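Next come the chains, spelled out residue by residue.
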Amino acid sequence: MQPSKNTSYNKFIFGDFDKDGIPNADDKYPFNPSKSQPAQDVSLTQQLKDIKKNNDSYIHPIVKFIEKYNNKYNISYRIKGTHSTISKLKRTYLKDIGDLGAVKIIAKNSDDLKRIAQDIKQNHKVIKEKDYYSSAIQQGHEYYKAIHLTVMLDDKPVEIQLKTTGHNKLHLRTHPIYKTYRKIPESVRQRLINESNKITRREG
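An account of the accompanying structure is given in this report. (Residues numbered from 1 in each chain as written. Predicted model: local features only at pLDDT ≥ 70, side-chain atom pairs only at ≥ 80, totals over all residues. Heavy atoms only, no water.)

Enumeration according to the criterion identifies three aromatic pairs in this entry. A ring pair is formed by Phe65 and Tyr69, whose centres lie 5.5 Å apart and whose planes are at 50°; its orientation type is tilted. Among the residues examined, Phe65 registers a relative accessible area of 6% and is labelled buried. In this arrangement the basic side chain of Lys35 is found over the ring face of Tyr29, its NZ or CZ atom lying 4.8 Å from the centre. Of note, Lys156 hangs over the ring of Tyr58, and the distance from its end group to the ring centre comes to 5.3 Å. (Phe/Tyr/Trp six-rings, centres within 6.5 Å; stacked < 30°, edge-to-face > 60°. Buried < 20%, exposed > 50% of the residue type's maximum accessible area, 1.4 Å probe, protein only. Lys NZ or Arg CZ within 6 Å of the ring centre and 35° of its normal.)

Laid out in structure tokens, this is it:
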């Protein structure tokens, strides 16, 4: 089975052509949705093996980090997939990708969220910080409320995203739109800002 003529090169290489949930770069059978077996290490090129090994090395320091907060907060983490890493490598160097590993911590309200952020800053080296509460860092995205901290865990930069329950739910609804179009339609943006302001007033 061959890709259709209107399939872009980037989507074919870095997406999920057969829509079986496994990215093409990790899929042993990228053209057959009935075969969803991931590629084995032995079938990967050395370059892909190196990327996978590097990304997997983030798991231990992240798990060690979240043990401190796991019993108190809703917390999750993710390691960037091979295909997504390759896509970013087209634009930058591996050492400059700051979100190969990421952690999300959900707090009840903004005061609680800021307490967690302060605790993290006191106990870890922070190399980058963005407070989306104090200012509209990204013009046109004023509805997004969160604190992002990039911290060093075992000499690896890991992005920590801190959000309240309400703002996390709002972000989960809007993120697919932003990832697809890289911009929220103006007709929708003001409604999101109003909803975000209501959440801020309710959660503090």
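Turning to helix α3 (residues 59–66), a few remarks are in order. Among all positions in α3, only Pro61, Ile62, Phe65 and Ile66 are buried. All buried residues of α3 lie within an arc of 130° about the axis, which places them on one face of the element. (Helix = DSSP H or I, 4+ residues; strand = E, 2+ residues; numbered from the N terminus. Arc of directions from axis to C-beta.)

With that out of the way, let us pick up the pairing of strand β2 (residues 101–107). Of all seven residues in β2, six are buried; the element is thus mostly enclosed. Bridge count for strand β1 (residues 74–79) against β2 is six bridges, and the pairing is antiparallel. Residue Tyr77 lies in a different strand from β2, and its bridge partner there is Val103. Both β2 and strand β5 (residues 156–164) contribute to a ladder of seven bridges, which runs parallel. Bridge pairing in β5 links Val103 to Ile160. (Pairing = 2+ DSSP bridges.)

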